[in-house]
Amino acid sequence: MPGKGRVIVTQDSSFVNYVLRENHTNYQKAKLDTDVVAKQLGTSLLFVNGDDWRRQRRLIQPAFHHNSIQQLYETVMNTVNAYIANFPQGAQVDVYPLMRELSFSVLLNSLFNIDMSREMTDELCRGFINLQDFMAKDVLQPFRRFLYPVTGAEKNLVKQWDGIRDMLRGIIAQRRADETTHNDLLAMLLNSRYEDTGQGMSEEQLISELLILLFAGHETTGSTLSWLLYLIASNHQVCEKLICTIEKTDMLDSPRDSYINAIINEGMRLYPAVWINERVAIKDDQFGGFSFPAATSILTYIYGMHRCEAYWEDASTFNPERFLKSEGLIDKNVKNYLPFGAGPRMCVGNNFAMAEMAFVLYTIFKTFHISTTGAPPAAWPLLTLRPREVILNIKKI
Ligand code: HEM
């Protein structure tokens, strides 16, 4: 591939398993091509490799363990309830920007459980939209990179992001000076210590990690929720069963409900937010009779694997029951299914995302009748698999 060297695109389950799990030490994340992203987020958990990654992962992972996440449930539920209370109703509502905004607010409140001014949240939100648009353009039109110095596009983004880092520096300084106890991810990360030195993260590292959690967590969840609303609204049987389930459950218990989990899993099978995933071989390697040199890029085509007829019966049908065992419990050992990746670099926020999505579906389908307006949304596969728009009819029950 021009500019990239040798590339293998695969949806072969055993090869993917080999790269992400069995021989994962020979594979690392690709280098970030875009300077502005590398400068702001390059040293964070999502992008570092080797020992730096291991050290960061060990430090951050405890904040996302089941027990820690449960401490955030109240914040997440309050955010979801407040947002849905002002949710627009009517015909032809595009729910994609709403789900993206809701996911952003949930993460922001879970990271910093403080009263943030509207200007600050707007600035942060704009920063992420601009960064994602910039990255999307960069991926689609890499030949335009030489124009960045002329148009000032990169310089403006760096300036905006330097401002965002200053804002976070201010929040951290305020928190360090505050002696009251806070229940949020910032408090958990400020209290965490590296195993080897017993020290906490440096301020710059902490800022990068806070930003990457916002970056990795909001658009993935926002897109998934939008696809889910469309899939449920367009499937009468699933919608009825979900409504019956909700009647028998309360909001706090919804993340543990098997049927709600099965719906979310099936939505992520058909529309995996991370639809493709890259690793680069460190040394020459071979698999299944093929050999390839160091620096080969392996692209796991998760979308293809999730819709492959050899792996899934009626692959294109939305059928949450395929994630349930005969006793109605959730099946945790479904094969050829990687919405959160696999191996040691699997998504650190998966429990958080699953709980958040359960709360959102619970609240929306308890409050509204949702129906589709016709054609399925068009997919826009950029960094994540976004819908271009998801137009639905929304009416209060
Ligand atoms: C539906 C929602 C989500 C999906 C589908 C998703 C998917 C993924 C996938 C596939 C990976 C692995 C990428 C790879 O192997 O290269 C990943 C990594 C990651 N995710 Fe998520 N994610 C979601 C939500 C979240 C949330 C809510 C957070 C944080 C609050 C988060 C934080 C991260 C981080 C930090 C990594 C990097 C982990 C590492 O490299 O050690 N994600 N995610």
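Residues numbered from 1 in each chain as written. Predicted model: local features only at pLDDT ≥ 70, side-chain atom pairs only at ≥ 80, totals over all residues. Heavy atoms only, no water.

In the nomenclature of an unreviewed UniProt entry, the protein is known as Cytochrome P450 of Mucilaginibacter dorajii.

Engineer: Summarise the site of the ligand; cite the residues concerned and give the values.
Structural biologist: Neighbouring the ligand are 27 residues; Trp53, Arg57, Arg279, Arg345 and Cys347 lie closest to it. Lys29 is positioned such that a nitrogen or oxygen atom in its side chain is 3.1 Å from an oxygen atom of the ligand. Here an oxygen atom of the ligand and a side-chain polar atom of Arg345 are 2.9 Å apart. Breaking the shell around the ligand down by element, the ones donating at least two residues are α3 (50-60), α11 (203-233), β4 (276-281) and α15 (350-367). Per-element accounting of the shell around the ligand gives the leading share, six residues, to α11. Looking at side-chain class alone, the shell around the ligand contains 16 nonpolar, seven polar and four charged residues. (Near = heavy atom within 4 Å. Polar contact = N/O pair within 3.5 Å; in protein donor to acceptor, adjacent residues only side chain to side chain. Helix = DSSP H or I, 4+ residues; strand = E, 2+ residues; numbered from the N terminus. Nonpolar A, V, L, I, M, F, W, Y, C, P; charged D, E, K, R; others polar.)

Engineer: Now, about the packing of helix α6 (residues 96-111) against helix α7 (residues 118-140): what can you tell me, with residues and values included?
Structural biologist: Where α6 contacts α7, the two axes come as close as 12 Å, and the packing angle between them is 120°. Classified by the interaxial angle, the pair formed by α6 and α7 is oblique. In terms of crossing hand, the pair formed by α6 and α7 is right-handed. The residues of α7 that touch α6, namely those facing Arg100, Glu101, Phe104 and Leu108, are Arg118, Thr121, Leu124, Cys125, Phe128, Ile129 and Gln132. Of the residues in the contact of α6 with α7, the class split is six nonpolar, two polar and three charged. (Axes fitted to C-alpha atoms, helices over the stretch in contact; angles between N-to-C directions. Parallel < 35°, antiparallel > 145°, perpendicular 65-115°, else oblique. Left-handed = near helix turned anticlockwise from the far one by under 90°. Contact = heavy atoms within 4.5 Å.)

Engineer: Can you lay out the coordination of the iron atom of the ligand for me, pointing to particular residues and giving the numbers?
Structural biologist: Its sole protein donor being Cys347 (SG), the iron atom of the ligand sits 2.3 Å from that atom. Take Cys347: it is sitting in the loop between α14 (302-306) and α15. (Donors = N, O, S within 2.8 Å, 3.2 Å for Na, K, Ca; no water.)

Engineer: Mind laying out the sheet that holds β4, listing which residues take part and the relevant values?
Structural biologist: Here we have four strands laid out as an open sheet, ordered β1-β7-β4-β2, and mixed in their pairing. Looking at the sheet topology across the chains shown, the edges are occupied by β1 (7-10) and β2 (27-28). Where β2 lies against β4, two bridges are found, and the strand directions are antiparallel. By the bridge assignment, Gln28 is partnered in β4 with Val280. (Pairing = 2+ DSSP bridges.)

Engineer: Please give an account of helix α1 (residues 13-22) that cites residues and values.
Structural biologist: Taken together, the buried positions of α1 are Phe15, Val16, Tyr18, Val19 and Leu20. For α1, the capping residue at the N-terminal end is Asp12, with a side-chain oxygen 3.1 Å from the backbone nitrogen of Ser14. (Buried < 20%, exposed > 50% of the residue type's maximum accessible area, 1.4 Å probe, protein only.)

Engineer: Could you give an account of the environment of Ile171, with specific residues and numbers?
Structural biologist: One can find Ile171 in helix α9 (residues 153-177). It is 52 Å that separates the C-alpha atoms of Ile171 and Phe290, two residues lying 119 residues apart in sequence. Sequence-distant contacts of Ile171, defined by excluding residues within four places in its chain, comprise Phe112, Ile114, Met116, Met120 and Leu186.

Engineer: Describe the nonpolar core, and please don't skip the residues or the numbers.
Structural biologist: One finds Phe87, Ile364 and Phe365 to be the most contacted residues of the largest nonpolar core, which totals 109 residues. The element contributing the most residues to this core is α11, with 16 residues. Once residues lying within four places of it in the same chain are set aside, the contact partners of Ile364 are Ile84, Phe87, Met99, Leu229 and Ile370. Counting 13 residues, the second largest nonpolar core, distinct from the first, contains Phe15, Val19, Phe292 and Met305. (Core = buried A, V, L, I, M, F, W, Y, C linked by side-chain atoms within 4.5 Å.)

Engineer: Pulling in residues and values, what's your account of the packing of aromatic side chains?
Structural biologist: Scanning the entire structure with this criterion turns up 16 aromatic pairs. Plain terms: the ring middles of Trp312 and Phe323 are 6.1 Å apart, the flat faces sit at 40° to each other, and that makes the pair tilted. Placement of the pair is Trp312 in the loop between α14 and α15 and Phe323 in the loop between α14 and α15, with a sequence separation of eleven residues. One exposure class covers both Trp312 and Phe323, and it is buried. Judged by centre distance (6.3 Å) and plane angle (80°), the rings of Trp312 and Tyr337 are edge-to-face. Pair noted here: Trp312 is in the loop between α14 and α15 and Tyr337 is in the loop between α14 and α15, with a separation of 25 residues, a long-range link. Each of the two residues, Trp312 as well as Tyr337, counts as buried. One aromatic cluster in this structure is built from Phe15, Tyr18, Phe287 and Phe292. Taking the ring centre of Tyr194 as reference, the NZ or CZ of Arg55 above it sits at 3.8 Å. Positioned above the aromatic ring of Trp312, the side-chain terminus of Arg269 is 5.0 Å from the ring centre. (Phe/Tyr/Trp six-rings, centres within 6.5 Å; stacked < 30°, edge-to-face > 60°. Lys NZ or Arg CZ within 6 Å of the ring centre and 35° of its normal.)

Engineer: Give me the lowdown on a nonpolar patch on the surface, citing residues and values where you can.
Structural biologist: On the surface, Val139, Leu140 and Leu383 cluster together into a nonpolar patch covering about 270 Å² of accessible area. In this fold, Leu140 is placed in helix α7. (Patch = residues over 30% accessible without salt bridge, like charges linked within 9 Å, V, L, I, M, F, W, Y side chains within 5 Å. Areas by Shrake-Rupley, 256 points an atom, 1.4 Å probe, with all protein chains shown as cover. Salt bridge = Lys/Arg side-chain N within 4 Å of Asp/Glu carboxyl O.)

Engineer: Tell me what's going on with the sheet that holds strand β8 (residues 368-372), and back it up with residues and numbers.
Structural biologist: In spatial order, the strands read β3-β11-β8; together these three strands make up an open sheet with antiparallel pairing. Where the open sheet ends on each side, the last strands, each with one partner, are β3 (90-94) and β8. In this sheet, neighbouring strand axes are inclined to one another by 35° on average, regardless of whether the strands run parallel or antiparallel. Judged from the five bridges that link them, β8 and strand β11 (residues 391-396) form a sheet pairing that is antiparallel. Opposite Phe368, over in β11, you have Lys396 as the bridge partner. Helix-sheet contacts for α15 involve β8 and β11, and the interaxial angle to β8 is about 95°.

Engineer: So what's going on with the state of the cysteines? Residues and values would help.
Structural biologist: In this structure the tally under the stated criterion is zero disulfides. Note on Cys244: no disulfide assigned, nearest cysteine sulfur contributed by Cys239 at a separation of 10.0 Å. Cys244 sits in the partly exposed class, given a relative accessible area of 39%. (Disulfide = S-S within 2.5 Å.)

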